[in-house]
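# Summary of the model geometry
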Amino acid sequence: MSEPSAAERPVLEVEGLVKHFPIHGGLLQRRTGEVRAVDGVSFSIARGETLGLVGESGCGKSTIGKTVLKLIEPTSGRIVLAGENISALKPGAMWAHRRRIQTIFQDPYSSMNPRLPAGTIVGEPLENFGLSRGRDTDERVAKLFERVGLRPDAMRKYAHEFSGGQRQRLGIAKALSVNPDVIVADEPVSALDVSVQAQVLNLLIDLQEEFRLAYLFISHDLAVMRHISHRIAVMYLGRIVEITTKRRLFSQPLHPYTEALLSAATAPDPKRRRQRKRIVEGDVPSPANPPPGCHFHTRCPYATAECKVTAPPLIEVAEGHHVACLRRPVGGDPGPLSIPG
Amino acid sequence: MTAPMAILADDFVLPPRRFSLATAIRRNPTITFGAVLLAALIIVGIFAPYIAYSDPFKIAPVNRLRPPSERWWFGTDQFGRDVFSRTVYGARVSLIVGLSVALFSSAVGLGLGLLCGYFRKVDSIVMRIMDGLMAIPSILLAIALITLTRPGLGIVIVAIVIPEVPRIVRVVRAVVLSIRNQPYIESAIAGGTKNTKLLLRHVLPNTLAPLIVQSTYVCASGMLIEASLSFLGAGVPPEVPSWGNIIAQGRTFFQIAPWTILIPGVFLAITVLAVNLLGDGLRDRLDPRLARRL
């Protein structure tokens, strides 16, 4: 994996992205509150780069993916795709930009229309954007099938006739068909067997190198992240708590939540299990009623009185390493934190 | 995209898909049985003037209430009219009513159902109107319409279609609501599919199977309602040989001449059965996950 060049302008920039889902309740279905699914998230992805988005279920990872794709409208914030702000575009105006940003879904079975043959599904974006027509589409789809490792005669088959890995290859072929700049991959391998996961991930990596694709790769699986990502953003309850390169994240996690996530992941070396520190206790608070201050303070062993009041900003503590933790000041000691009291 | 393209042979051609009628029939006995039965009835309806050996309107009091025999295959009624000829002509009325009710209510219901399910703003208004229509009993509506105009086949069809439309709308809308949350719809939107194509290509085909099942039900119930209306004297004019009319007129003499009501009754039952069998068979066949491949 080659490191992406930093000189070029990022192909996808997200600034202060917010998505609140209203909660309606009572007899008159009045708005009684909101779920703060995404609460001020910023990141950018360069061409040829993979940004991994990791976090527990319900932390807002998928919402970010869908908002960036404009499948749901952001509450506020800027989404700049290849230099153009798409955050406020109406569906009609958004259409022209859809070619640049494609997606691979978590469940490749339900993301394929059961009544259409695979070739038609994969060829649909090509025809939608007027890139090809009729027989020409068939040929291009056949080539895409070959490229993702499927036999072209599978074009006639339906979704239920493929295996999980093959379906995900179809999803990749569809996303790839219109030659996009960015692919949002929402848990693309979590529905697959581990052996198939590696094949699909390697295919994604090969395609990235070939077409300089930028991936926003959403997953809860740290092993998968380690395999594919260049940089990783850790999310907790709608906010990014730490964002840095893969190497730094795994070797020197600064945020207590990242530390906990890493220690909870299965260690490849059984001897290391004994040294495992701890797993965070308690549940994730409800995003409809997030705790004040640092969202993580309710479960953080290092939390001080200040953590309960002040929300920590995401600051760059070392080059390319941003952390949102009050106990990690700029130039602070990157060593272990002390438990207060 | 240069190097990987060479993997595919230049003369690559998709193999044609073969179709065999014999296999299709063997694998879908329900459809075949229903379709053959319905086709036979339609042929009877179309060629009624050639099949009926006598005039269904001709009154011959001398020959009244004759039991089935070589001369009068299904016997005669109290006016001496030939029940066989009347039954054969009656097939026309039932089939026309059943098919047009199914066709019109499906067409209107499908359109409204798609709009309601897909565009949520339309939904609340249209569905309240549908609820209102559903509350109208077909028979009362038909009686009201016929007192306002003159009795006829057209008005009977309209009277049956109006209360049937909401049934179709509800089914289609429910299916659309469940489909629009499917990931493949999002996937299609992300792939640049616009509203019209999304509705026609991804939503519509998935509503067809339940629509067909529902419209066969509507077709069958349309025939039954027409028969009931005619039986009550609120349907097609009494001299027209519809199965409902034949039964209504035979009712008085049913103890001495049971053939006048049993025979058209059996035909009505067979027709409704044929339509339902066809619908059930199509429902199974139209779902690619249930279907065994042809």
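Residues numbered from 1 in each chain as written. Chains lettered and ligands numbered in written order. Predicted model: local features only at pLDDT ≥ 70, side-chain atom pairs only at ≥ 80, totals over all residues.

### Quick notes on the overall build of chain B
Going by this rule: Secondary structure elements follow DSSP: runs of H or I of four or more residues count as helices, runs of E of two or more count as strands, with numbering from the N terminus. It is over C-alpha atoms that the radius of gyration is taken, and the globule rule equals 2.2 Å times the number of residues to the power 0.38. We call two residues in contact when the distance between their C-beta atoms, placed using the backbone, is within 7 Å.
Helix and strand counts for chain B come out as 11 helices and zero strands. Listing each helix as α and each strand as β along chain B from the N terminus yields α-α-α-α-α-α-α-α-α-α-α. Its C-alpha atoms give chain B a radius of gyration of 24 Å, clearly above 19 Å, the size a compact globule of 294 residues would have. For the C-alpha atoms alone, the extent of chain B along its principal axes is close to 90 × 50 × 25 Å. Taking the intrachain contacts of chain B between residues at least 6 apart in sequence as the baseline, contacts between residues at least 24 apart amount to 71%.

### Thoughts on the packing of helix H3 (residues 118-128) of chain A against helix H5 (residues 164-177) of chain A
All names here are of chain A. Where we set the bar: Fitted lines through C-alpha atoms serve as axes, helices being fitted only where they are in contact, and the angles separating the N-to-C directions of these axes extend from 0 to 180 degrees. Here the angle decides the label: under 35 degrees means roughly parallel, over 145 means roughly antiparallel, 65 to 115 means roughly perpendicular, and every other value means oblique. Should the near helix be turned anticlockwise from the far one by less than a right angle, the crossing is termed left-handed; should it be turned clockwise, right-handed. For this classification, Asp, Glu, Lys and Arg are treated as charged, while Ala, Val, Leu, Ile, Met, Phe, Trp, Tyr, Cys and Pro are nonpolar and the rest, including Gly, are polar.
H5 packs onto H3 with a crossing angle of 25° between their chain directions and a minimal axis gap of 7 Å. As far as their axial angle goes, H5 and H3 are roughly parallel. Crossing of H3 over H5 shows right-handed handedness. Facing H3, whose interface residues are Ala118, Ile121, Val122, Gly123, Pro125 and Leu126, H5 presents Leu170, Ala173, Lys174 and Ser177. Residue composition of the contact of H3 with H5, grouped by class: seven nonpolar, two polar and one charged.

### Observations concerning the interface of chain B and chain A
A common way to state how big an interface is: give the accessible area lost once the parts meet. In this assembly, 24 residues from chain B lie in contact with 31 residues from chain A. At seven residues, the largest contribution of residues to the side of chain B that touches chain A is made by helix H8 (residues 183-190) of chain B. Looking at the side of chain B that touches chain A, its residues break down into 14 nonpolar, seven polar and three charged.

### A word on the sheet that holds strand S6 (residues 101-104) of chain A
Residue and element names in this part refer to chain A. Quick reminder of the rule: Here, any two strands with at least 2 DSSP bridges between them count as paired.
If you walk across this open sheet you meet the eight strands as S6-S7-S8-S3-S9-S10-S12-S11, and the pairing is mixed. In the strand order of this sheet, the two ends are held by S6 and strand S11 (315-318), each with one partner. The sheet shows a mean angle of 25° between the axes of neighbouring strands, direction not considered. Relative to strand S10 (residues 239-245), strand S9 (residues 231-236) runs antiparallel, the two being bridged by six bridges. Residue pairing across strands places Ile232 opposite Thr244, the latter belonging to S10. Against the sheet, helix H9 (residues 256-264) engages S9 and S10, with an angle of about 105° to S9.

### Some words on the nonpolar core
The test is simple: Each nonpolar core reported here comprises buried Ala, Val, Leu, Ile, Met, Phe, Trp, Tyr and Cys residues connected via C-beta atoms within 7 Å. As a rule, residues whose C-beta atom has 12 or fewer other C-beta atoms within 10 Å are exposed, those with 20 or more are buried, and those in between are partly exposed; C-beta atoms are placed from the backbone.
With 89 residues, the main nonpolar core has Leu53(A), Val182(A), Leu216(A), Ala233(A), Val234(A), Met235(A) and Ile240(A) as its most contacted residues. If near-sequence neighbours (up to four positions away) are discounted, Val182(A) is found in contact with Val11(A), Leu12(A), Ile45(A), Leu81(A), Arg100(A), Ile101(A), Ala214(A) and Leu216(A). Among the nonpolar cores identified, the runner-up in size contains 66 residues, and Cys116(B), Ile146(B), Ile168(B) and Phe267(B) belong to it.

### A short note on the pairing of strand S2 (residues 30-45) of chain A
All names here are of chain A. Judged from the 12 bridges that link them, strand S1 (residues 12-25) and S2 form a sheet pairing that is antiparallel. Within S2, the residue paired with Val18 across the bridge is Asp39. Between the end of S1 and the start of S2, which pair antiparallel, lie four residues, with Gly26 showing a positive phi angle near 80°.

### Overview of the environment of Ile125(B)
Residue and element names in this part refer to chain B. With respect to the helices and strands, the residue Ile125 is situated in helix H5 (residues 120-134). With 10 C-beta atoms packed within 10 Å, Ile125 lands in the exposed category. On a C-alpha basis, the gap between Ile125 and Ser242 in space is 38 Å, while along the polypeptide they are 117 residues apart.

### With respect to the sheet that holds S2(A)
Taken together, four strands build an open sheet; the order of strands is S2-S1-S4-S5 (chain A) and the sheet is antiparallel. One side of each edge strand has no neighbouring strand; the edge strands of this open sheet are S2 and strand S5 (84-85) of chain A.

### Some remarks on the pairing of strand S3 (residues 50-54) of chain A
Residues and elements named next belong to chain A. Along S3, five of the five residues are buried, which leaves the element largely enclosed by surrounding structure. Looking at chain direction, S3 and strand S8 (residues 214-219) are connected through five bridges and run parallel. Within the sheet, the bridge partner assigned to Leu51 lies in S8 and is Leu216.

### What about the environment of Lys143(A)?
With respect to the secondary-structure elements, Lys143(A) resides in helix H4 (residues 134-147). For the pair Lys143(A) and Val280(A), spaced 137 residues apart in sequence, the C-alpha separation works out to 48 Å.

### A look at the packing of helix H6 (residues 138-148) of chain B against helix H7 (residues 153-180) of chain B
Residue and element names in this part refer to chain B. Where H6 meets H7, the closest approach of the two axes is 9 Å, and the angle between their N-to-C directions is 140°. The handedness of the crossing between H6 and H7 comes out as right-handed. Every residue of H7 that contacts H6 at Ser138, Leu141, Ala142, Leu145 and Ile146 is listed here: Ile155, Val156, Val158, Ala159, Ile160, Ile162 and Pro163. For the contact of H6 with H7, the residue count by class is 11 nonpolar, one polar and no charged.

### Some words on unusual backbone geometry
All names here are of chain A. If you check the backbone angles, Asn179 has positive phi at about 55° while not being a glycine. Mapped onto the secondary structure, Asn179 falls in the loop between H5 and strand S7 (182-186). A tally of 15 C-beta atoms within 10 Å means that Asn179 is categorised as partly exposed.

### Here's the deal with the environment of Ile243(A)
Relative to the helices and strands, Ile243(A) resides in strand S10. Ignoring anything within four residues of it in the chain, the contact list for Ile243(A) reads Phe43(A), Arg231(A), Ala233(A) and His322(A).

### Topic: helix H10 (residues 243-250) of chain B
It helps to recall that an α-helix has 3.6 residues per turn; residues three or four apart then point in one direction. Among the eight residues that make up H10(B), eight are buried, leaving the element largely enclosed by the rest of the structure. If you follow the buried residues of H10(B), they end up packed against helix H4 (83-118), helix H9 (195-232) and helix H11 (259-286) of chain B.

Limitation: the analysis is restricted to geometry and does not speak to function.
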